[in-house]
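# Examination of the molecular architecture
Listed below, chain by chain, are the residues.
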Amino acid sequence: MATATVHRRRPWRPVLIRLGGALVALWLVATVAFGVLQLLPGDPAEAALGGPGSQASAEALQAAREQYGLDRALPVQYLAYLGRVLTGDLGTSYSHRAPVTEVMAPLIGPTLTLAVLALLCAWLLALGTAMVATGTSRLAARVASAVEIVASVLPGFWLASVLIIVFATHLGWFPPVSDATPRGLVLPVLSLAVPLAGYLSQTMREAMLTALDSPFALAARTRGETRGGLRVRHALRHGLVPGINLSGWSFGYLISGAVVIETVFARPGLGRSLVSAVTSRDVPLVLGVTLFAALGYVLVTMAADALTAAVDTRGAS
């Protein structure tokens, strides 16, 4: 009772805890990314001047170090970097010779479109598979469970390659290179959605089966409720909760998966840009994309927590 009273008096406390955790998570991501990039081989100043092939002179390299602050001690560089991030300044891209925010701006839309559509598609596939796997047909349930396991372990690169060979090269239904048209999005979306759907469906199925074996469900069966009705009215709500809880992880999975999928389908986006930035040691752009992905993960996780509280009423009293 005392704990409940404290929560009623301080409803803002959980919000502050989540915000504090989000800020700590962003700081950790920024710090780890900064440290890892410092360990990469090569001279950042040389990367800023076009890479090893630029054959820059010693004077040009020193000028680049002074321009980008690379001549200062690492702790000073780190603190200066954090200070710029707090003001929204992500620095200047070495390879594009433009502010990182300007480089990322036109790429955010295509990547978010791909991620959101893949998440929606994964949810639809997962819900359908979980409903079949918890049905009365044992054969259908076994097939659905096998499909879940196989889908969850499919490598995105391999699946994308198979989809291109079958549906683009042989059947010609979709273009092998992703463009802005709806047809150009189908194969990249499926490449990301199918493995995620397999994992989500497994977690939903387990929660639904547990709900169907609960005392409430057994009591409802004695009152004449069918198993199908129980799945829709009772078990489905319980199955949604773990799926929603995984939404933050799902977003991170989709953003990281976009690195491979955008490269395979030659689709413009943050993932493909990240690959190019890592290859050219474009430190500011790598850090900018990494921070954006971390921020998206934090925001989606917080939204998922709020949605879980609305859907899962078991703790309400």
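Keep in mind the model is a prediction, meaning the values are calculated, not measured. (Residues numbered from 1 in each chain as written. Predicted model: local features only at pLDDT ≥ 70, side-chain atom pairs only at ≥ 80, totals over all residues. Heavy atoms only, no water.)

## Things to note about the overall build of the protein chain
As a reminder, the rule being used: The numbering of helices and of strands both runs from the N terminus, where a helix is a DSSP run of H or I of at least 4 residues and a strand a run of E of at least 2. Under the scheme applied here, a residue whose accessible area is under 20% of the maximum for its type counts as buried, over 50% as exposed, and between as partly exposed, the area being computed with a 1.4 Å probe on protein chains only. Any two residues having at least one pair of non-hydrogen atoms within 4.5 Å are treated as being in contact. For the accessible areas, the method is Shrake-Rupley and the probe is 1.4 Å, while residue cover comes only from the protein chains on display.
Regarding its fold elements, the protein chain presents 14 helices and zero strands. In the protein chain, the succession of α and β elements from N to C terminus is α-α-α-α-α-α-α-α-α-α-α-α-α-α. Per-residue burial for the protein chain yields a buried fraction of 38% across its 317 residues. Within the protein chain, contacts between residues at least 6 apart in sequence are counted, and of these 72% link residues at least 24 apart. Accessible surface for the protein chain amounts to roughly 17100 Å². Of this, 68% is attributable to carbon and sulfur atoms.

## Examining the pattern of salt bridges
Here is the rule: A carboxyl oxygen of Asp or Glu within 4 Å of a side-chain nitrogen of Lys or Arg is what we treat as a salt bridge.
Overall, the coordinates contain two salt bridges when judged by the stated rule. Notably, a salt bridge pairs Glu148 with Arg205, separated by 2.7 Å at the nearest N-O pair. Of this pair, Glu148 sits in helix H7 (residues 138-152) while Arg205 sits in helix H9 (residues 182-212); the two residues are 57 residues apart in sequence, bridging distant segments of the chain. Judged on exposure class, the residue Glu148 and its partner Arg205 are both buried. Between Arg205 and Glu206 there is a salt bridge; the shortest N-O distance is 3.2 Å. The exposure class of Glu206 is partly exposed, given its relative accessible area of 43%. A network of salt bridges, in which partner residues are shared, links Glu148, Arg205 and Glu206.

## Concerning the UniProt feature "transmembrane region" (unreviewed entry) in the protein chain
Worth spelling out the cut-off: UniProt positions are given in the numbering used here, feature names are shortened, and annotations may be inferred rather than shown by experiment.
Sequence positions flagged by UniProt for "transmembrane region" (unreviewed entry) are, in local numbering, residues 15-40, 112-134, 146-168, 180-200, 240-265 and 285-311. The straight-line gap between the two end C-alpha atoms of residues 112-134 is 32 Å; of that span, 96% is helix and 0% is strand. As annotated, residues 240-265 has a helix share of 92% and a strand share of 0%, and its two end C-alpha atoms lie 32 Å apart.

## A closer look at the environment of His238
Structurally, His238 can be placed in helix H11 (residues 227-245). In the structure, His238 is positioned 30 residues away from Met208 in sequence and 6.1 Å away in space, judged by C-alpha atoms.

## Remarks on the layout of surface pockets
Stated formally: The pocket and cavity definitions rest on a 1 Å grid over protein atoms only: a 1.4 Å probe that fits but cannot leave marks a cavity, an open set with protein on both sides within 12 Å along at least five of seven lines marks a pocket, and residues lining either have an atom within 4 Å of a point. Grid points are joined across faces, edges and corners, and a volume is the space filled by probe spheres set on the points. Here the nonpolar group is Ala, Val, Leu, Ile, Met, Phe, Trp, Tyr, Cys and Pro; Asp, Glu, Lys and Arg are the charged ones; every other residue, Gly included, is treated as polar.
In this structure, the largest pocket spans a volume of roughly 380 Å³. In terms of lining, the largest pocket is formed by 20 residues, of which the most central are Tyr68, Leu70, Arg84, Tyr94 and Pro284. Among the elements that take part in the lining of the largest pocket, helix H14 (residues 283-311) stands out by supplying four residues, more than any other. Taken together, the residues of the lining of the largest pocket break down into 10 nonpolar, seven polar and three charged. Size it by volume and the second largest pocket reaches roughly 330 Å³. If you trace the second largest pocket, you find 13 residues lining it, with Leu26, Val85, Leu86, Leu291 and Leu295 closest to the centre. The set of elements that each furnish at least two residues to the lining of the second largest pocket consists of helix H2 (13-39), helix H5 (74-86) and H14. For the lining of the second largest pocket, the residue count by class is 12 nonpolar, one polar and no charged.

## Here's the deal with the confidence of the model for the protein chain
To keep things clear, this is the line we draw: Each residue gets a pLDDT score, which is the predictor's confidence in that residue and runs from 0 to 100.
Averaged over the protein chain, the pLDDT score is 78; the fraction of residues at 70 or greater is 83%. Averaged pLDDT values over the elements of the protein chain bottom out at 48 in helix H1 (residues 2-9) and peak at 89 in helix H8 (residues 156-170). Low pLDDT (under 50) marks residues 1-8, which in the prediction has one contact with non-local residues, meaning those over four places away or in another chain.

## With respect to the packing of helix H6 (residues 100-133) against helix H13 (residues 270-279)
Which entries qualify depends on this criterion: Angular values range over 0 to 180 degrees, each being the angle between N-to-C directions of two axes fitted as lines to C-alpha atoms, with helices fitted over their stretch in contact. Our angle categories are set so that under 35 degrees counts as roughly parallel, over 145 as roughly antiparallel, 65 to 115 as roughly perpendicular, and the remainder as oblique.
The N-to-C vectors of H6 and H13 enclose an angle of 130°; their axes lie 8 Å apart at closest approach. When the axes of H6 and H13 are compared, the pair comes out oblique. Along its contact with H6, which presents Met104, Leu107, Ile108 and Thr111, the element H13 presents Leu270, Gly271 and Ser273.

## Structural notes on the nonpolar core
Put simply, the test is: Buried residues of nine kinds, namely Ala, Val, Leu, Ile, Met, Phe, Trp, Tyr and Cys, make up a nonpolar core once their side-chain atoms join them within 4.5 Å.
Core analysis: the biggest nonpolar cluster contains 36 residues, and Leu200 and Leu254 have the highest contact counts within it. Contributions of two or more residues to this core are made by H6, H8, H9, H11 and helix H12 (247-264). At 12 residues, the largest contribution of residues to this core is made by H9. Not counting the four nearest positions on each side in its chain, Leu200 is found in contact with Ala122, Trp123, Ala126, Gly243, Leu246 and Ser250.

## Regarding a nonpolar patch on the surface
To keep things clear, this is the line we draw: For patches, a residue must show more than 30% relative accessible area and have no salt bridge; joins then use 9 Å for like charges and 5 Å for nonpolar side chains, namely Val, Leu, Ile, Met, Phe, Trp and Tyr.
There is a patch of nonpolar side chains on the surface, built from Ile165, Val166, Leu171 and Trp173 and spanning about 370 Å² of accessible area. Examined against the element boundaries, Leu171 turns out to sit in the loop between H8 and H9.

## Brief notes about H12
Operational definition: An expected span of 1.5 Å times one less than the residue number is assigned to each helix. What we call the bend at a residue is the angle made by axes fitted to the seven residues finishing there and the seven residues starting there.
With 18 residues, H12 extends 25 Å from end C-alpha to end C-alpha; this agrees with the ideal 26 Å at 1.5 Å per step. At Ala258, H12 shows its maximal bend, which comes to roughly 35°. Regarding H12, the residues found buried are Ser247, Gly248, Ser250, Phe251, Leu254, Ile255, Gly257, Ala258, Ile261 and Glu262. Phi for Ala266, located one or two positions after H12, is positive at around 50°.

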